[in-house]
Structures are given as C-alpha cells and as structure tokens.
Amino acid sequence: MHVPLVVLGGGPGGYAAAFLAADLGMEVALVDRDERLGGTCLLRGCIPSKALLHVGRVVAESREMAEWGVSFARPTIDLDALRRRKEKLIGTLTGGLATLARRRKVALLHGAARFIDSTTLEIAPTQPGAPSQTVTFDHCILASGSRPARIPAFDIGSPRVMDSTAALELPDIPESLLVVGGGYIGLEMGTVYAELGSRVSVVELTDGLLPGADRDLVKPLQQRLGTIFEAIMLGTKVTGLQDVGTAVRVQFEGAGGALERSFARVLVAVGRRPNSDGIGLENTGVTIDRRGFVEVDGQQRTSDPHILAIGDVCGEPMLAHRASHQGKVAVEALHGEPALFAPRAIPAVVFTDPEIAWAGLTEQEATAAGRVVDVSRYPWAASGRAQALGRTDGLTKILVDPETDAVLGVGVVGPGAGELIAEGVLAIEMGCSARDLMETIHPHPTLGETVAFSAENYFGLATEIYRPRTADASAG
Ligand code: FAD
Ligand code: NAD
C-alpha cells in the first residue's frame, strides 16, 4: 500500500495533523497501535485526569460550604460508578474522533509501526497470526508521543507501585499513598486521591514543588496542598522500596536525615520519555538528541527529508496544545505554505486546586537571563468575585518590559487560572502593552478583571489597591 502522507500516532498531535491534511485535500493514513484514537491525552492523560479532578473539586467545595452555613454529609464514593463515568467520557470523545476520521476519509491503520527505511513502515498485526502490513509513503509525520519515565530501582514488579496510567485506573482508594515527584502529574493525581480519601504524601527531589513554575504562584498552592496532604517532603530522595505484602516500605534521605515509612500504594511521576526508540529510526536519516527527542526545524522537518515530527517525541514542553499546533504547522509546511512554529508563548496549566497557569516569561527566567522586567502583582483578596467565592488565596501577576510597557509574561494562581491565562497568551502573542490590558473593559465581577487590575497596578492606579503618592508618603 502506498499513501502520500502517513501520520504515525493518533494522539492530539497526530489526529490534528491528519484531519487538517484531509481538510486540505491530501490523501492521508493515520496509524496507531491503540485501537482507539486520542493518544495519551485522551486515553490516559489530560481528559481522565481532569474528570477526576472535577470530582475532587466538588468534594472539596461541598466541605468548604460549611463556612457559609451549608453542610453536606460526608460523600460516599462508588468507585465502580466513578470508573464507568470516566470511561463513558473517554468513549464519547474517542468515538467522536473515529467518526471525524471516517467522514474526512482518513484511512485508519491499526498496529505497532516501525520504519524499515525513510519511506517504508512495517505495521505489526495486533491479532496473533495475522500478517504484518507494509506501507510506503512520500512523507511521514511522526507523532509517537511519550511514556512515563521509569527509575530502574523502583521497578520491583509490585502492583502497589503505579505509574500515571495505573493511577488513573483507580484500582482502589488506598488508605495511604506516596507520590514520588512533585510535578504536574504528582500534584494533580495526589489531589484526586487526597479528595477521594487517601492520606497522601509527596516526595520531591528538588527544593520546591513544580520546579519550572513561578515561585509566587506555587506558594498559595503549596499552602493549600499542605492542608489536604499528610506530608510534603522537599529536597528528599527515595533510596529504596520493598513490597512487604500488605504495603510498600520506603526509605528516604533528605535534609532531616534518613527515614523509613510504609504506604499502601506508591505513584511514581518523575517525568516522561519520548517514544523515539524501538521504532526503527536508526533505519532513517532522523537525528535524535541525547535526551531521546527527535530534532526538528521551525517547520517540524527532521534531518530526513521524508519525515517530520511533532509533539512530545520532539521536545518540551510536553503538552497537548503544543502537539496539535505543531501538527498543523507540519501539514501546512507540506502543503507548501510558509508555516513556522514560533510561538511567543505556550501556556502551561497545572489543574490542581488552586490551579496554576502561566504564559511567556517567568520571573525566575528573567532573573536567570539577567533581563530587567517590572513585575506587577494583583492579590485576589482585593477582588470582589474572589471574596464572593471564598477564594482570596489567588494572585495574578504580569511581567512588563519597563522600556516599552509590553507584556512579557502572565501568571495566575487561583480557581479557574487555566481559563484566565488565555487572555495572557493572546496579549503576549499580539504584542499588547500593559495599557492595552488596563484599558480593555473587563466584565464585573469576574476573576478575569484581575488581569486588567494587575496592569492598573503596574501604573500604580489600581482602584482597589491604595498606594500612597510619593508626596503623601514622605509627608506621612
Ligand atoms: P501522544 O498523545 O502520546 O500520542 C502518541 C500516540 O502514538 C499514541 O496513541 C501511541 O499509541 C502511538 N504510538 C506510539 N508509538 C507507536 C508505534 N510504534 N506504532 C503505532 N502507534 C504508536 N497535556 C496538556 O496539555 N494538558 C493536560 O492537562 C495534560 N494532562 C496530562 C495528564 C497525564 C496523566 C499525562 C500522562 C499527560 C498529560 N498531558 C497533558 C500531556 C499530554 O498528554 C501530551 O503532551 C500529549 O498527549 C502529547 O501528544 P502527542 O500527540 O505528541 O502524543
Ligand atoms: P514533571 O517533569 O512535571 O515532574 C516530575 C517531578 O519529579 C519534578 O519535580 C522532578 O524534580 C521530580 N523528580 C524527578 N526524579 C525524582 C526522584 N527520583 N524522586 C523525587 N522526585 C523526582 O513530570 P510529570 O509530573 O511526570 O509529568 C510529565 C509531563 O506530562 C509534564 O512535564 C507535562 O509536560 C505533562 N503533563 C501535563 C499536565 C498539564 O498540562 N496539566 C498534566 C500532567 C502531565
């Protein structure tokens, strides 16, 4: 079989690319070893984790309502029903993708693909005994994604030690859970299990949670997590794990010395690795860097003229929206358009409670680069909407170029931060100045106003924040 364009991988990068290619009139095949389309994001990542976080948030809100004089009974959790509801959601979305593929006449091929050379893929059968299939192509867009990073010493063959895929299956609500890794997955899944009733401890190797995130944003999150987690151990290393039949015994070493504790389950969430090995890339001209990421240029072209690569397999940040944007750039490039993946900002959102979201430059990045920026912070305690929601722990901050007033970075912590950041991304992409944000009329009372108010605060003109004028201050 020959197809002009093959997309290898049916995740958010791969299906976005295949669908656009079909929309532009190209003949395209999409191959995945999974029977269902959607990739990591839909089947074992973004979507199921956000569904469970929604459940966790409802549990937390029902508890917090007591402060307003409204009390609910402690929730009971029917795990089978919860799992079924999560699977139904995944089924709906993956079914929708299959329908969209069929309508667009995208040929769906099923099996594990491997490069024989720069223009040939062999697709191994999924049924034992069935023949393998050979597909030749003019171009292939590689979108094979990533998988959980593993620490060999933790591979003790125990079902009590889980990765994110196993944790999303919700095998049970363990009485106690140790999360190894205080990054995106550790904190999101730790929140889910804590709200469902587990005593959750987190151990993080570095000195802070979410090492890449702005410290002002992490602070309120860490404070709140401190109230739902049993322990947050920073600058601490796990030195050993043993399954002792009824639990996992874990040894730690940190600033406070050595420690040993037992947990009913352990979730290992220490990053992800690109799926660039075991797929025959050595039979092509594709170059892989020392971390295993496929090297690409601004049009997602690899060093092999027949192969382009997008998404997690070609670098960080490993986020679904980056994968799909790269997919579209790759297809447009093949279509002969002057496409380029050169965003000014790729938003990042950690869907914890509170959520953390940022786009563009962070304060730590500015400091590390020796770049002079002005930082304006707007504490949510000054927001009527945040007060009405009982969530004054939030903060919106902007980083501004002091010479041009251009908005360089936006960060938000608080419920709904993930929704609010879109305005920040647009502001950075459009080259907005702080004055543009300030003078754009935002609806009241909303959390979105805090973006405009942080710009007002940059000019020292925030209505809800009193700053003594220099003359008043010296007089007083
Ligand atoms: P993937 O989604 O990984 O898809 C790759 C596909 O390729 C898979 O379907 C795989 O089966 C297929 N494949 C691989 N090798 C072969 C082969 N040899 N033959 C055939 N098929 C193959 N990102 C966000 O932006 N927001 C979130 O909220 C978010 N939450 C997450 C939560 C969790 C628990 C996890 C694990 C990840 C989360 N991510 C999130 C990250 C997001 O899932 C990834 O960035 C995204 O899925 C990457 O898309 P992709 O298309 O590059 O690859
Ligand atoms: P991560 O890189 O976000 O966090 C891993 C954490 O583990 C880091 O803080 C790291 O310092 C720590 N760590 C590493 N080795 C350790 C060890 N031996 N002991 C203790 N801590 C250790 O990785 P993740 O949480 O596994 O998530 C993987 C990727 O998936 C993310 O980087 C992100 O790209 C994507 N993701 C995104 C979202 C989202 O967008 N909301 C959600 C989940 C996952």
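As the structure is a prediction and not an experimental result, all values here were calculated from the model. The numbers attached to residues start from 1 for each chain and follow its sequence in the written order. Think of it this way: whatever chain is written first is A, whatever ligand is written first is 1, and the rest follow in order. Predicted model: local features are reported for residues with pLDDT of at least 70 only, side-chain atom pairs are reported and counted for 80 or more only, and whole-chain, interface and lining totals are derived from all residues. Side-chain measures were taken over the full set of non-hydrogen atoms in the model, leaving aside hydrogen atoms and water.

Just checking my understanding: could you explain unusual backbone geometry for this structure?
The bulk of non-glycine residues show a negative phi, and the bulk of peptide bonds are trans. The omega torsion of the bond from Asp353 to Pro354 falls at 0°, within 30 degrees of zero and hence cis. Following His444, the chain continues to Pro445 via a peptide bond in cis, the omega torsion being -5°. With a phi close to 70°, Gln300 is a non-glycine residue in the positive phi region.

Quick question: what am I supposed to make of the site of ligand 2 here?
In the vicinity of ligand 2 lie 23 residues, with Ile185, Glu188, Glu204, Met318 and Val349 positioned nearest. Separating an oxygen atom of ligand 2 from a side-chain N or O atom of Glu204 is a distance of 2.7 Å. The separation between a nitrogen atom of ligand 2 and a polar main-chain atom of Leu205 is 3.2 Å. Its free accessible area being 840 Å², ligand 2 has 80% of it covered by the protein chains. Here a helix means four or more residues in a row that DSSP labels H or I, a strand means two or more in a row labelled E, and each is numbered from the N terminus. The greatest single-element share of the shell around ligand 2, amounting to four residues, is contributed by helix 6 (residues 184-196). In the shell around ligand 2, the residues fall into 13 nonpolar, six polar and four charged. The near set for a molecule or strand comprises every residue that places at least one heavy atom within 4 Å of it. N or O atoms closer than or at 3.5 Å make up a polar contact, with two conditions inside protein: a donor-capable atom paired with an acceptor-capable one, and, for residues adjacent in sequence, both atoms drawn from side chains. Residue burial considers only the protein chains on display, and all accessible areas are found by Shrake-Rupley using a 1.4 Å probe. Throughout, the ten residues Ala, Val, Leu, Ile, Met, Phe, Trp, Tyr, Cys and Pro are labelled nonpolar, Asp, Glu, Lys and Arg are labelled charged, and all others, Gly among them, are labelled polar.

Please explain the site of ligand 1 as it appears in this structure.
With respect to spatial proximity, 36 residues lie near ligand 1, and among them Asp32, Thr40, Lys50, Ala113 and Ala320 are the closest. A distance of 2.9 Å separates an oxygen atom of ligand 1 from a polar backbone atom of Gly13. Between an oxygen atom of ligand 1 and a side-chain N or O atom of His321, the distance comes to 3.4 Å. When isolated, ligand 1 has an accessible area of 1000 Å², and the protein chains bury 95% of it. Among the secondary structure elements, those contributing two or more residues to the shell around ligand 1 are helix 1 (12-23), helix 2 (39-44), helix 3 (46-64), strand 4 (112-117) and helix 8 (320-334). Looking at side-chain class alone, the shell around ligand 1 contains 14 nonpolar, 16 polar and six charged residues.

Looking at this structure, how should I read the layout of surface pockets?
Unfilled space is identified by rolling a water-sized probe across the atoms. Here the second largest pocket defines a volume of roughly 700 Å³. Two kinds of site are reported from a 1 Å grid over the protein atoms alone, namely cavities, where a 1.4 Å probe fits but cannot get out, and pockets, open sets with protein on both sides within 12 Å along at least five of seven lines, and residues are called lining when an atom falls within 4 Å of a point. Lining the second largest pocket are 31 residues; nearest its centre among them are Arg57, Glu61, Asp353, Arg391 and Pro415. Going through the elements one at a time, helix 3, helix 6, helix 7 (215-228) and helix 10 (384-389) are the ones with two or more residues in the lining of the second largest pocket. Examining the composition of the lining of the second largest pocket, we find that ten residues originate from one element, helix 3, more than from any other. Partitioned by chemical class, the residues of the lining of the second largest pocket number eleven nonpolar, eight polar and twelve charged. Grid points are joined across faces, edges and corners, and a volume is the space filled by probe spheres set on the points.

Help me out: how do you make sense of the nonpolar core in this one?
Here is a general trend for soluble globular proteins: nonpolar side chains tend to be buried in one another's company. To form a nonpolar core, buried Ala, Val, Leu, Ile, Met, Phe, Trp, Tyr and Cys residues must be joined to one another through side-chain atoms within 4.5 Å. Only protein chains enter the accessibility calculation, which uses a 1.4 Å probe; a residue is then buried when its area is under 20% of its type maximum, exposed when over 50%, and partly exposed in between. Of all hydrophobic cores here, the largest spans 34 residues; its most connected members are Leu187, Tyr193, Val200, Leu210 and Ile356. The greatest single-element share of this core, amounting to six residues, is contributed by helix 6. With 25 residues, the next largest nonpolar core counts Ala359, Ala427, Val451 and Tyr458 among its residues.

Is there a simple way to explain the confidence of the model for the protein in this structure?
Detailed reading of predicted coordinates is not advised where the pLDDT is low. Predicted confidence across the protein gives a mean pLDDT of 96, with 99% of residues reaching 70 or more. For every residue, the pLDDT score states the predictor's confidence, bounded by 0 at the bottom and 100 at the top. By mean pLDDT, the top-scoring element of the protein is strand 17 (residues 307-309) (99), and the lowest-scoring one is helix 14 (residues 470-475) (51).

So what exactly am I meant to see when it comes to the sheet that holds strand 13 (residues 248-254) here?
Whether parallel or antiparallel, the strands of a sheet pair through hydrogen bonds between backbone atoms. Two strands pair if DSSP finds at least two bridges between them. Here three strands make up an open sheet; going across it, the order is 12-13-14 and the pairing antiparallel. The open sheet has two edge strands, strand 12 (237-243) and strand 14 (257-263), and neither has a second partner. For this sheet, the mean angle separating the axes of adjacent strands, direction not counted, is 20°. Sheet topology note: the strand 13/strand 14 ladder contains seven bridges and is antiparallel. Each bridged residue has a counterpart across the sheet, and for Phe252 the counterpart in strand 14 is Leu259. Note on definitions: angles span 0 to 180 degrees between N-to-C directions of axes, and those axes are lines fitted to C-alpha atoms, for helices only across the stretch in contact.

Please explain the packing of aromatic side chains as it appears in this structure.
Describing an aromatic ring pair means giving the distance of the ring centres and the angle of the ring planes. The pairing test for Phe, Tyr and Trp rings, Trp by its six-membered ring, is centres within 6.5 Å, and the orientation test on the planes gives stacked under 30 degrees, edge-to-face over 60, and tilted for anything in between. By the definition in use, this model includes five aromatic pairs. The interplanar angle of 45° and the centroid separation of 5.9 Å between the aromatic rings of Tyr15 and Phe19 together place this pair among those described as tilted. Placement of the pair is Tyr15 and Phe19 together in helix 1, with a separation of four residues, close to one helical turn. For Phe19, a relative accessible area of 6% puts it in the buried group. A ring pair is formed by Phe252 and Phe263, whose centres lie 6.3 Å apart and whose planes are at 85°; its orientation type is edge-to-face. Taken together, the residues Phe252 in strand 13 and Phe263 in strand 14 connect sequence positions eleven residues apart.

Please clarify how the side chain of Ser454 should be interpreted in this entry.
The residue Ser454 is located in helix 13 (residues 449-458) in this model. On the basis of relative accessibility, which here comes to 0%, the residue Ser454 falls in the buried class. At 2.8 Å, the side chain of Ser454 forms a polar contact with the backbone oxygen of Val451. Every residue pair with non-hydrogen atoms within 4.5 Å of one another is taken to be in contact. Apart from the residues within four sequence positions on either side, Ser454 is in contact with Ser376, Tyr378, Thr396 and Ile398.

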